[in-house]
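# Coordinate analysis (summary)
So the chains spell out like this:
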Amino acid sequence: MSGNGTPDWGAIRVRGARENNLREVSLDIPKRKLTVFTGVSGSGKSSLVFETIAAESRRLINETYTAFVQGFMGTQARPDVDQLDGLTAAIIVDQERMGANARSTVGTATDTHAMLRIIFSRLGQPKIGPATAFSFNVPAGSISGEITLERGKAATESREITIVGGMCPECEGLGRVSTVDIDALVDRDKSLNEGAITFPGFQPGSWYHRIFVDSGFFDNDKPLRDYTDAEWERLLHGPEAKVKTELVNLTYEGLVDKIRSRYLIKDPESLQPHLRTAVERISTSMACPACDGTRLNATARSSKIDGKSIADCAAMQISDLAEFLRGVSDPGVGPIVGALRDTLDSMVHIGLGYLSLDRESSTLSGGEAQRTKMVRHLGSSLTDVTYVFDEPTIGLHAHDVQQMNGLLQRLRDKGNTVLVVEHEPEVIRIADHVVDMGPRAGSHGGEVVYQGPFAGLGASGTLTGKHLEVQQTLKGEVRAARGAIPIRNASLHNLQDVSVDVPLGVLVAVTGVAGSGKSSLIHGCMPRVDPSVTVIDQSAIRGSRRSNPATYTGILEPIRKAFASANGVKPALFSANSEGACPACKGLGLIYTDLAFMAGVVSVCEVCEGRRFTDEVLGYQLRGRNIAEVLDMSVEEAAAFFTEKPVRVMLGRLVDVGLGYISLGQMLNTLSGGERQRLKLAIEMSGDAEVYVLDEPTSGLHMHDVDNLIGLLDRIVDGGRTVVVIEHNLDIVARADWVIDLGPGAGHDGGRVVFSGPPAELVRASDSLTGEHLRRRLEAVAAAS
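This report concerns the structure included in the present document. (Residues numbered from 1 in each chain as written. Predicted model: local features only at pLDDT ≥ 70, side-chain atom pairs only at ≥ 80, totals over all residues. Heavy atoms only, no water.)

Residues separated by three or four positions in an α-helix point in the same direction, a consequence of the helix having 3.6 residues per turn. Compared with the 22 Å implied by 1.5 Å per residue over 16 residues, the 22 Å span of helix H13 (residues 334-349) between its first and last C-alpha is a close match. Taken together, the buried positions of H13 are Val-337, Gly-338, Leu-340, Thr-343, Leu-344, Asp-345, Ser-346 and Met-347. Looking at the buried positions of H13, the neighbouring elements they touch are helix H3 (106-109), helix H4 (112-123), helix H12 (318-325), helix H14 (366-378) and helix H15 (398-413). After H13 finishes, the residue Gly-351 shows a positive phi value of roughly 80 degrees. (Helix = DSSP H or I, 4+ residues; strand = E, 2+ residues; numbered from the N terminus. Expected span 1.5 Å × (residues − 1). Buried < 20%, exposed > 50% of the residue type's maximum accessible area, 1.4 Å probe, protein only. Contact = heavy atoms within 4.5 Å.)

Listed below in structure tokens is the structure:
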């Protein structure tokens, strides 16, 4: 037993952790407790939790498959730590988008659609078959042939087996159909050996090309224009067959079928840029006319419960579906209905009630994806598991944060260890144990500056402790608007004939619970009224594997010229895309191995050791640093290192937007949504836009960094511009000049403006959830006003 009378379940012991910027970090993390890791952005929280603790747990689990892993992919690297024990199996619930497969929906990702299928198979009228009859992933059909039965004497009988499935035969359960332009896919004037297939990955010498040329089905030197109808059918549509190549046996399938199954069913945004461009070049997509986008065949849609088909239920708002199920009282399905209703209620409680089960998983934001994945674990019977969460409150209104806290505590109370990386004060307050990283970001962080109960954090003197002790106040004097952008009778998505004026020349905060219509109003309607509005969102930055902050911001060019001038050589030598690139990895620093029939493998280049450049180039220096060392610098370090004005100006903007801790050469696809948005903002600050729209720019920011961001936004507005911020952070709301609050609820329960005015009036608005929570945060101020 511990000193306070509670059981002591031991601890996860970390000794000498040095991953990334960690400085010999050693600590004990209590098991079966809720531990929150906080600290300024870039202080080392993720390096400790995800890249050390969770990574080692995954590595140990993978040792079960040592022979396979070593045989095909080499040994998995161990985190840079002296000792790490007391680990249990880790389940990481992060903000990564949920799968690139277009068949994945909210319903399939949470298993709620599987439960709904069982209910319809039992109660739906007319009865059409088992649960598979309502699955858009199971095709309907039949198989006939002879089988041998061992009953006394072996006997051969003819049988026909019917498969009852719900898949729409036209779109194959995708809800949309893609038309492939054959002439964009192949060059009819060339033969297979000449590279007739123009899609990336099918060039001569590739695995996919070898399947076609080694199949024996074609004359590989014959131009495609001379193919017979049968050869064209075989080339484009199969049928499947086994093909023996020099190294391995592979499965042949038609070119169009392969393209469709490997690329067209995926979310285009998840593809590498060159593949995404190729897909857009060869195909067009539209809602399936046969099933109206429901993915289901007519038989599956014909069976109903209380007048609703399974497609109708899947399209309902989750809060409505939960209410609909309360009317299903047949005792034969009582347990499964109760389990489904509990899951749906949990989704409503964590702010996902406005979604529908048929929503594609790939369209969810990072915060929505994390909360959706979290729902799957709430009903799990596993205990003594380590759950790792990455800022689960991102995208949540203050009203929903309370519900999220309850779910985190439920996971802990089931006998699990819960580790949460978080900046939200309300989550930090409920922690059993707090680990504060710092004292600053990047090379100035990487240390544990406080660990212990929340009660001691305020007096610790850390940046987190200081900000928790500060009572936020409303802006004393708000700016006067100098005009407005009028939005009239907006009805996009769930907006209900909304008319509102967005003031100009001020800092505007647009608030409301998740799903209340904020993005529909500001992203969807405002640019239509005023096309000059510049929207800076958290969407992925399109680019290649070579893209990094230095290339994206344009500062790599003056950096290359500075190196060239200092050494009397060509600037091209200092480009990883040109003459100075390592020939083995072509300047990537990594080797990407395409196994075609398996997931690709990524390994550090053994020639350049990940530095991307040749030894000759690495011998050239600028003020004692080579180009690889410069690209490894954090923005903050680089700002102190460079004297070149074009570089210093952009680095200063990156520091201003709270990105001083990222490295110049960091791959863009490793940045979070909030980091991507702030990177775009740093670039846009040099433009001449009059109105900026930002979507939750505080995502991933510590309270200290939020203060800095507010200062930056104030400076932009003081410079004569307008900033409109879609935001849940109450510090931003309190210091805005004008607030537009949407609600009162989410989905069809929202879509209305419940308040428009200065923050001082918002705290007195009785029908605003935002006002209620702001009032709690500003108790003394609200009472006085």
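Looking now at the side chain of Ser-575. Along the chain, Ser-575 turns up in the loop between helix H20 (556-567) and strand E22 (590-593). Side-chain polar atoms of Ser-575 contact the backbone nitrogen of Asn-577, separated by 3.1 Å. Here Ser-575 is in contact with Arg-560, Gly-580, Ala-581 and Phe-613, once residues within four sequence places are set aside. (Polar contact = N/O pair within 3.5 Å; in protein donor to acceptor, adjacent residues only side chain to side chain.)

In this section: the sheet that holds strand E26 (residues 738-743). If you trace the 6 strands from one edge of the open sheet to the other, you get E21-E24-E25-E20-E26-E27, paired in mixed fashion. Only two strands of the sheet have a single partner each, and these edge strands are strand E21 (534-536) and strand E27 (752-757). Strand-to-strand twist of the sheet, defined as the mean angle between neighbouring strand axes without regard to direction, takes the value 15 degrees. Examined bridge by bridge, E21 and strand E24 (residues 691-695) share 3 bridges and lie parallel to one another. Looking across to E24, one finds that Thr-534 is bridged to Tyr-692. Sheet strands in contact with helix H26 (residues 703-718) are strand E20 (507-511), E24 and strand E25 (722-726), and its direction is about 145 degrees off that of E25. (Pairing = 2+ DSSP bridges. Axes fitted to C-alpha atoms, helices over the stretch in contact; angles between N-to-C directions.)

With that settled, the discussion passes to the pairing of strand E2 (residues 25-30). Walk down a regular strand and you will see the side chains alternate between the two sheet faces. Of the two faces of E2, the one lined by Val-25, Leu-27 and Ile-29 is fully buried and the one lined by Ser-26, Asp-28 and Pro-30 carries no buried residue. As judged from the 5 bridges shared by strand E1 (residues 11-17) and E2, these two strands associate in the antiparallel manner. Each bridged residue has a counterpart across the sheet, and for Val-14 the counterpart in E2 is Leu-27.

With that settled, consider the packing of helix H24 (residues 645-656) against helix H25 (residues 673-684). At their nearest, the axes of H24 and H25 sit 9 Å apart, and the two run at 135 degrees to each other. Comparing the axis directions of H24 and H25 gives the class oblique. You can see that H24 and H25 cross each other, and the crossing is right-handed. Side by side, H24 and H25 meet where Met-650, Arg-653 and Leu-654 of the first sit next to Leu-679, Ala-682 and Ile-683 of the second. Residues belonging to the contact of H24 with H25 are distributed by class as follows: 5 nonpolar, no polar and 1 charged. (Parallel < 35°, antiparallel > 145°, perpendicular 65-115°, else oblique. Left-handed = near helix turned anticlockwise from the far one by under 90°. Nonpolar A, V, L, I, M, F, W, Y, C, P; charged D, E, K, R; others polar.)

We now examine the environment of Glu-24. Looking at where Glu-24 falls in the secondary structure, it is placed in the loop between E1 and E2. For Glu-24, a relative accessible area of 46% puts it in the partly exposed group. Taking the C-alpha atoms as reference points, Glu-24 and Lys-266, separated by 242 residues in sequence, lie 42 Å from one another. In contact with Glu-24, not counting residues within four places along its chain, are Gly-16, Ala-17, Arg-18 and Asp-82.

A grouping of Ile-143, Ile-161 and Ile-163 is seen on the molecular surface, where their side chains present a nonpolar patch of about 260 Å² in accessible area. Turning to its location among the elements, Ile-163 is positioned in strand E7 (residues 153-163). (Patch = residues over 30% accessible without salt bridge, like charges linked within 9 Å, V, L, I, M, F, W, Y side chains within 5 Å. Areas by Shrake-Rupley, 256 points an atom, 1.4 Å probe, with all protein chains shown as cover. Salt bridge = Lys/Arg side-chain N within 4 Å of Asp/Glu carboxyl O.)

In terms of nonpolar packing, the biggest core is built from 74 residues, with Phe-642, Leu-651 and Leu-664 touching the most fellow members. When neighbours within four sequence positions are excluded, Phe-642 is seen to be in contact with Ile-559, Leu-622, Arg-623, Val-630, Val-647, Arg-648, Leu-651 and Leu-664. One finds Val-106, Leu-123, Val-328 and Leu-408 within the second-largest nonpolar core, a separate group that totals 65 residues. (Core = buried A, V, L, I, M, F, W, Y, C linked by side-chain atoms within 4.5 Å.)

Scope: geometric values only; no functional claims are made or implied.
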